[in-house]
Amino acid sequence: MLLLNGVTKRFGKFTALEDINLEFSNGVYGLLAPNGAGKTTLIKMLTTLIFPTSGEILWNGDEIVKLDADYRDIIGYLPQDFGYYKNHSPMQFLLYIAALKGINRDRAKRKIEELLEVVGLSDVSGKKMKKFSGGMVQRVGIAQAMLNDPKILILDEPTAGLDPKERVRFRNLISNLSKDRIVILSTHIVSDIETIANHVIMFKNHKLFANDSPAAICAMISQKIFETNNISAIEAPHLILTERQDGNETLTRFASEVDCSQHATRVNPNLEDVFLYVYRDEVV
Amino acid sequence: MNKDESVKYILSQGLRKPPNFWGRILKIHRALGWRLIFWDLSYSFIFAAVTIVGVVTMVRHVPAYYPYSSAFGLSPVLFMVIMFFTEISQRACSLFELTQTCRYTSRQVAALRCMCYSGVGVVFVIGVSIFSAESVSQFIRLLPLCLGGMFLCAAIELFVMRLTRSKWAIACFSVVWLFASATPVFFLEYWERFLSNVPIFITIAFAAAGATVFLYQTNKMLSEENYVIA
């Protein structure tokens, strides 16, 4: 079990995260927050790239800093800007990362072949990566994160650059992987989290705002979301969330603290509504 | 974990002695091999080689009136030039962060590379000393002096690398060393006289001290846990 106890991270006078208490067990955890809210800071602390200013991060009761290489052995990490060597093939690149992860060459080769099959890159395993699309590179990144069969898989914006088909494949892959490991997923794509995350973690003002199932998070604003084709008729204070075309009319989705069901239809909130509602002051 | 559980855990694991410096080096070398230790650095080595050829060509045209000063100033050049090109390229690579989260971190592999560069640096220093010395006694004084200079410079450079995550720190250090080596030009006579009169046992002690500090810094890079790169 991965545990964060009163974790605070400051950069000089700026507080990136304050007093974060979290507990991770097997499953998919989606980090949902706007840019600059502290998602990447949290991920960097979990991958030991930076350390908390105060508080502790424990893996099965031991501080991750003290565990050193033993902790790094159980994590798989896909960074936001996944770098790769353009002049090497996925096979060469993955063999390099496997060696850095301390996996012996024969075992690494078998694992790489298996992973390239899973991410659908078996046919191009020998081709130079400079010819790859963004989605293909991202799939190589996912494969490298899985090389050591990690107990904690940390993915920072993993679906960026993937087309819809690849995204669905990725979601299925993550769902399968999460049965026996912790998957921590940071993304701006709300639908990804909505589909695969068992828990959603939200930060606001650099503090933990919510940590619950998607359904429970959506329930926070139940009764407050409405849809109408005539937004000008709504006199009560409201926050416009989204607009969509439905035939010849424009349907406006909005949030209001007041019951507007006389002029609009009450609808079930989704995570996107929660995101826009919670971060209404921060999202432009 | 309570006390009894902790005792059980320790007993089940047995007492494991943490690997020493050479143990760590061998372990990383065994896991990676030469090819992966110097992975994707071919361009950096080409640039380094061209720079070294340029520096040596320039130095060959300098009148050899001041063998001690010129050899001492030149001693860390090979190490510094290789470090400059390879480690800046490694730090600039966006994979740097990812490789820092692996069992063998980018930092540990860099420490191993520095050991190799220092080996090549020693060969270079021997060459410079042979080229600069006019007699055997001069060579015996000059060699430890130059080795000490190289190791000290390498140790400071590793310290700078440990201290800061910026890739430009390596470049800044090279510039600072350049100025530091050029400063004695203004009082070259005194500097040359000072170096040529240092007792041999002090030059040997200087070399040993330089090597010790260098190994200490390398060991720190290999074993430091609480290190921030992002």
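Position numbers for residues count from 1 along each chain, tracking the sequence in the order it is written. Chain A is the first chain written and ligand 1 is the first ligand written, with later ones labelled in order. In view of the model being predicted, local features appear only for residues whose pLDDT reaches at least 70, and side-chain atom pairs are presented and counted only at 80 or more, with totals across whole chains, interfaces and linings using the full set of residues. Hydrogens and water are ignored here; the side-chain numbers use all heavy atoms of the structure.

J.: Explanation requested: the overall build of chain A in the structure shown.
T.: We count a stretch as a helix when DSSP gives it H or I for four or more residues in a row; a strand needs E for two or more, and each element gets its number in order from the N terminus. Broken down by element type, chain A carries 10 helices and 14 strands. In terms of overall dimensions, chain A has a C-alpha envelope of 70 × 45 × 35 Å along the principal axes. The 284 residues of chain A split such that 55% are buried. Two residues qualify as a contact provided that any one of their heavy atoms is within 4.5 Å of a heavy atom in the partner residue. Counting only contacts in chain A whose residues sit at least 6 apart along the sequence, the fraction spanning at least 24 positions is 66%. Entry remark: accessible area of chain A is about 12800 Å², with carbon and sulfur atoms responsible for 45%. A positive count includes Lys and Arg, and a negative count includes Asp and Glu. His and the chain ends are not counted in either. Where a charge lies is defined by one atom per residue type: Lys uses NZ, Arg uses CZ, Asp uses CG and Glu uses CD. Side-chain charges in chain A split into 33 positive and 35 negative, and the spacing between the mean points of these groups amounts to 8 Å. Only protein chains enter the accessibility calculation, which uses a 1.4 Å probe; a residue is then buried when its area is under 20% of its type maximum, exposed when over 50%, and partly exposed in between. Exposure was quantified through the Shrake-Rupley algorithm and a 1.4 Å probe, taking into account, for residues, occlusion by the shown protein chains and nothing else.

J.: Could you clarify how one ought to interpret the overall build of chain B in this entry?
T.: Counting its secondary structure elements, chain B contains 11 helices and zero strands. In sequence order, chain B lays out its α and β elements as α-α-α-α-α-α-α-α-α-α-α. Taking all 230 residues of chain B together, 46% fall into the buried category. Nonlocal contacts in chain B, meaning residues at least 24 apart in sequence, comprise 85% of its contacts between residues at least 6 apart. Of the roughly 12300 Å² that chain B leaves accessible, carbon and sulfur atoms contribute 69%.

J.: Any chance you could explain the pairing of strand 3 (residues 27-32) of chain A here in plain terms?
T.: Side chains on a regular strand alternate between the two faces of the sheet. Residue and element names in this part refer to chain A. When you tally the buried positions in strand 3, you get six out of six residues, the bulk of the element. Alternating positions in strand 3 separate into two faces, Gly27, Tyr29 and Leu31 on one and Val28, Gly30 and Leu32 on the other, with burial throughout. Relative to strand 9 (residues 199-204), strand 3 is paired through four bridges, and the arrangement is parallel. Counterpart to Tyr29 in the pairing with strand 9 is His199. A strand pair is defined by DSSP finding two or more bridges across the two strands.

J.: What am I meant to see in the interface of chain A and chain B here?
T.: Put simply, an interface is often sized by how much accessible area is lost when its parts join up. Taken together, the contact pairs 33 residues of chain A with 27 residues of chain B. When two components associate, each loses some accessible surface as probed by a 1.4 Å sphere; the sum of these losses over both components is called the buried area. Summing the contributions of chain A and of chain B, the shared interface buries around 2800 Å²; its carbon and sulfur component is 62%. Of all residues in chain A, Leu49(A), Tyr85(A) and Leu100(A) bury the most surface against chain B, accounting for 24% of the area lost on that side. For salt bridges, the criterion is a side-chain nitrogen of Lys or Arg within 4 Å of an Asp or Glu carboxyl oxygen. For the pair chain A and chain B, the interface holds three salt bridges.

J.: What exactly am I supposed to notice about the sheet that holds strand 2 (residues 14-24) of chain A here?
T.: Pairing between sheet strands relies on hydrogen bonds along the backbone, with the strands arranged either parallel or antiparallel. Residues and elements named next belong to chain A. In spatial order, the strands read 2-1-4-5; together these four strands make up an open sheet with antiparallel pairing. Each edge of the open sheet is held by one strand with a lone partner, namely strand 2 and strand 5 (62-63). In terms of strand pairing, strand 1 (residues 2-11) meets strand 4 (residues 54-59) through five bridges, oriented antiparallel. Counted as the bridge partner of Asn5 is Glu56 from strand 4. Helix axes are fitted to C-alpha atoms over the stretch in contact, other axes to C-alpha atoms as well, and angles between N-to-C directions run from 0 to 180 degrees. Docked against the sheet, helix 1 (residues 39-46) engages strand 1, strand 2 and strand 4, running at close to 120° with respect to strand 1.

J.: Mind showing me how you'd approach the nonpolar core here?
T.: When a protein is soluble and globular, its nonpolar side chains tend to lie buried together. Judged by nonpolar contacts, the single largest core of 148 residues is most densely connected at Leu2(A), Tyr71(A), Ile152(A) and Ile184(A). It is helix 8 (residues 136-163) of chain B that provides the largest number of residues to this core, a total of 11 residues. Setting aside residues up to four positions removed in sequence, Leu2(A) forms contacts with Leu22(A), Glu23(A), Phe24(A), Leu46(A), Ile57(A), Leu58(A), Trp59(A), Ile64(A), Tyr71(A), Ile152(A), Ile182(A) and Ile184(A). Among the buried residues, those of types Ala, Val, Leu, Ile, Met, Phe, Trp, Tyr and Cys that are joined through side-chain atoms within 4.5 Å form a nonpolar core.

J.: So what exactly am I meant to see when it comes to the pattern of salt bridges here?
T.: Opposite charge on two side chains permits pairing when their charged atoms draw close. Applying the stated criterion across every chain yields a total of 14 salt bridges over all chains. Here Asp73(A) and Arg103(B) are joined by a salt bridge, their closest N and O atoms 2.7 Å apart. Of this pair, Asp73(A) sits in the loop between helix 3 (69-72) and strand 6 (75-78) while Arg103(B) sits in the loop between helix 6 (95-99) and helix 7 (106-132), on two different chains. For Arg103(B), a relative accessible area of 18% corresponds to the buried category. Two residues, Asp180(A) and Arg181(A), come together in a salt bridge whose shortest N-O distance is 3.6 Å. One network of salt bridges, in which partners are shared, links Glu227(A), Arg244(A), Arg253(A) and Asp273(A).

J.: I would appreciate a short explanation of the environment of Val120(B) in the present structure.
T.: Residues and elements named next belong to chain B. On the secondary structure map, Val120 appears in helix 7. A residue is classified by how much of its surface remains accessible, and Val120, at 41% relative accessible area, is partly exposed. Each C-alpha atom, one on Val120 and one on Ile82, is 9.9 Å from the other, the two residues being 38 residues apart in sequence.

J.: Please explain the environment of Ile202(B) as it appears in this structure.
T.: Secondary-structure assignment places Ile202(B) in helix 11 (residues 200-223). Judged by relative accessible area, Ile202(B) falls into the partly exposed class, the value being 39%.

J.: What should I look at first to understand the environment of Asp123(A) in this one?
T.: Tracing the backbone shows Asp123(A) in the loop between helix 5 (105-118) and helix 6 (134-146). Here the alpha-carbon distance between Asp123(A) and Ala210(A), two residues 87 residues apart in the chain, equals 43 Å.

J.: Even after reading the chapter, I still don't get a nonpolar patch on the surface, so can you show me in this structure?
T.: Residues enter patches when their relative accessible area tops 30% and they take part in no salt bridge; the joining distance is 9 Å for like charges and 5 Å for the nonpolar side chains Val, Leu, Ile, Met, Phe, Trp and Tyr. Together, Tyr43(B), Ile46(B), Phe47(B) and Val50(B) make up a nonpolar patch on the protein surface, roughly 470 Å² of accessible area in all. Inspection of the secondary structure puts Val50(B) in helix 3 (residues 42-60).

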